[in-house]
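# Residue-level structural notes
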Amino acid sequence: MGKQYKRSFKVYSAWNYQREIEDLNRASEQGWQLVRGGCFHSVFEKNPNVQYRYQLDYRRIDNMGRYIETFREQGWEYVNSVFNGWHYFRKLYDPTQPEQAYEIFTDRESMAEMNNRWANLALGIGIALGLFALVSLVQLIRMPNLPRLVRFLTFALESGVLLRGVGIMKNPSASRSRKGDSTLVAVFFAVILLGAAGYVLLTLARPHFNTAQSAAEITEPVADNRWAYFEVPYPDNYYLDLDMRAELPMTFSVLDADGQAVYTQTGTEFTGSNVRLRLPKGSYCFSLTCDSGFSLSCDLD
Amino acid sequence: MKKSEPMSESYYYILLCLAKGANHGYGIMQMTERLSGGDVTIGSGTMYGATGNMMKKGWIREIMSDEPGLERRRLYQLTDAGREALRAEIARLRRMLDNAEGV
């Protein structure tokens, strides 16, 4: 008879590991024995004839042989390790044994050491993400646009979730078995993916260009010279850097698809950096009218 | 800096068990339970962490058993530094007990 397997894609937050252990023990009671634990993907084997108790450990192992032997001596079977530092163990369940026989941390110190190993790493990452969020916030306030907003929200949420986890892990009396926390972790990973993808896609879709190639002096006058046709894929703030000089007054405009000016400047010299244009979706171009020679450089992003 | 910090119960019992001769993790665990009348148990995670930390401190070292039937079995052995640490802890505990006299 072939072996029957089942996969599970349930994710648990690190600070909720007790919940994962409880779920594994319950599955074992129902005949599903974990044979490979993972961060996103676990494998269970059907075997109703045994019952295991599971435990999780978090650490970097310097001596795998000594590690596995230390557990085996007390009846623990090593299941597997996950790349991120979690190790799965199981022990055959014997109802005559006291519950204490299924603990792997038997003093407060070693328990706190394990929780702190994770919490200190996560604290470093959480603070780094928090700093990124802060930098993104400053940039967002100075030059608001959609990609910056997405980036700020992503960093702020990831940092917030992680630092909350650090708080739970470092608090000795906090429960490591929380209902509903798996949803938060799913959101956490979804936001990493969506935030990164959203930021990249929104940034790539935006027009980025400069027309500095015509910055060389042009001597002939021009009348409504249109160039730099560009598409705005989504309504947002776009920023214009201008550096133009002429002998006689000139008119520079940004025109929409109907030829209506959404931005106009008249004068012999205009310089401006990060001039904010709030542009709806559509097609645009630049237009220049000048009765004398001029030089120009325009950047848009 | 403080000369020595109070030891955790697990560290203390591991050193105490090893003071009577080299032993493996399971032996230490059983001896600890016996000595403490079942009050102190040392789970595998605690044992691995404590022995690893004490090897880093130089209090114990790992040796391979050459006893027949136990070849290649990992044993822990107390070092001089470990014996000294244990002695200091016992002195600390004794002083605390002495201080409690007459209360």
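Reading the values: the criteria
- Residues numbered from 1 in each chain as written.
- Chains lettered and ligands numbered in written order.
- Predicted model: local features only at pLDDT ≥ 70, side-chain atom pairs only at ≥ 80, totals over all residues.
- Helix = DSSP H or I, 4+ residues; strand = E, 2+ residues; numbered from the N terminus.
- Buried ≥ 20, exposed ≤ 12 C-beta atoms within 10 Å, placed from the backbone.
- Contact = placed C-beta atoms within 7 Å.
- Nonpolar A, V, L, I, M, F, W, Y, C, P; charged D, E, K, R; others polar.
- Pairing = 2+ DSSP bridges.
- Axes fitted to C-alpha atoms, helices over the stretch in contact; angles between N-to-C directions.
- Domains from an automatic or database assignment.

Before going further, it helps to spend a moment on the overall build of chain B. Counting secondary structure elements, chain B contains four helices and two strands. Reading chain B from its N terminus to its C terminus gives the helix and strand order α-α-α-β-β-α. Structurally, chain B occupies a C-alpha span of about 50 × 30 × 25 Å along its principal axes. Looking at the 103 residues of chain B, the share that counts as buried comes to 31%. Contacts in chain B between residues at least 24 apart in sequence constitute 51% of all its contacts with a sequence separation of at least 6.

On the chain B side, the residues contacting the 19 residues of chain A number 18 residues. Elements with a minimum of two residues in the side of chain A that touches chain B: helix H2 (64–72) and helix H3 (108–142) of chain A. The dominant element in the side of chain A that touches chain B, judged by the number of residues it contributes, is H2(A), at five residues. When grouped by side-chain class, the residues that make up the side of chain A that touches chain B number six nonpolar, five polar and eight charged.

Each regular strand shows side chains that alternate between the opposite faces of the sheet. Residue and element names in this part refer to chain A. Sheet topology places strand S9 (residues 236–256) next to strand S10 (residues 261–279); 15 bridges connect them, and they run antiparallel. In the strand pairing of S10, methionine 244 is matched with phenylalanine 270. The hairpin turn running from S9 into S10, its antiparallel successor, is four residues long, and glycine 259 in that turn takes a positive phi close to 80°.

The next point concerns the sheet that holds strand S6 (residues 86–92) of chain A. All names here are of chain A. Ordered by their spatial adjacency, three strands build an open sheet running S4-S6-S5, and the pairing between neighbours is antiparallel. Pairing within the sheet leaves two strands with one partner each, and these edge strands are strand S4 (52–58) and strand S5 (77–81). Going from strand to strand, the sheet's axes swing by 25° on average, the running direction of each strand aside. The pairing of S5 with S6 spans four bridges and is classified as antiparallel. By the bridge assignment for S6, serine 81 is matched with histidine 87.

According to the domain assignment, chain A consists of domain 1 (5–102), domain 2 (108–205) and domain 3 (209–300). For domain 1 of chain A and domain 3 of chain A, the distance between their C-alpha centroids amounts to 65 Å.

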